[in-house]
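The primary structure of each chain is shown beneath.
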Amino acid sequence: MSCPLVPGMRVRNPARPDWGEGQVQSVVGARVTVNFENAGKLLVNVAVVSLEAVEEPRDAR
């Protein structure tokens with residue numbers, strides 16, 4: 001992942017689309033806790049697993 005992960009960010013694991021989207025809860029080094037829609041809260045080692053950011057929809061004002 002090219003951009004840094006920060007708490008509150010929406011992400012997904014492209015290798016596990018069944019987990020759904022998740023929200024980053026905490027980041028400690030390469031250990032990222034993510035609360036996924038369908039898999040619950042998981043600790044992900046981003047040195048091994050690539051997470052991708054989910055683009056937030058922009059308001060059409």
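This report concerns the structure included in the present document. In this text the structure is predicted, and so the values were computed from the model without any measurement.

1. Considerations on the pattern of salt bridges
Counted according to the given criterion, the structure contains three salt bridges. With a closest N to O distance of 3.2 Å, E21 and R10 form a salt bridge. Here the residue E21 occupies a position in the loop between β1 (10–12) and β2 (22–28), and R10 occupies one in strand β1, the gap between them amounting to 11 residues. Using a relative accessible area of 27% as the deciding quantity, one classes E21 as partly exposed. What makes R10 partly exposed here is its relative accessible area of 23%. With its nearest N and O atoms 2.8 Å apart, the salt bridge here joins R12 to E52. One end of the pair, R12, is in strand β1; the other, E52, is in strand β5 (residues 52–53), and 40 residues separate them in sequence. Assessed through its relative accessible area of 33%, R12 is described here as partly exposed.

Procedures and definitions
Residue indices follow the written sequence of each chain, beginning from 1 at its first position. Owing to the predicted nature of the model, reporting of local features is limited to residues with pLDDT of at least 70; listing and counting of side-chain atom pairs is limited to 80 or more, with chain, interface and lining totals taken over all residues. Only hydrogens and water are removed before side-chain values are computed, so all heavy atoms of the structure are retained for them. When a carboxyl oxygen of Asp or Glu is within 4 Å of a side-chain nitrogen of Lys or Arg, the pair counts as a salt bridge. Numbering of helices and strands runs from the N terminus; a helix is a DSSP stretch of H or I covering at least four residues, while a strand is a stretch of E covering at least two. The classification of residues rests on relative accessible area computed with a 1.4 Å probe and restricted to protein chains. Under 20% of the type maximum is buried, over 50% is exposed, and intermediate values are partly exposed.

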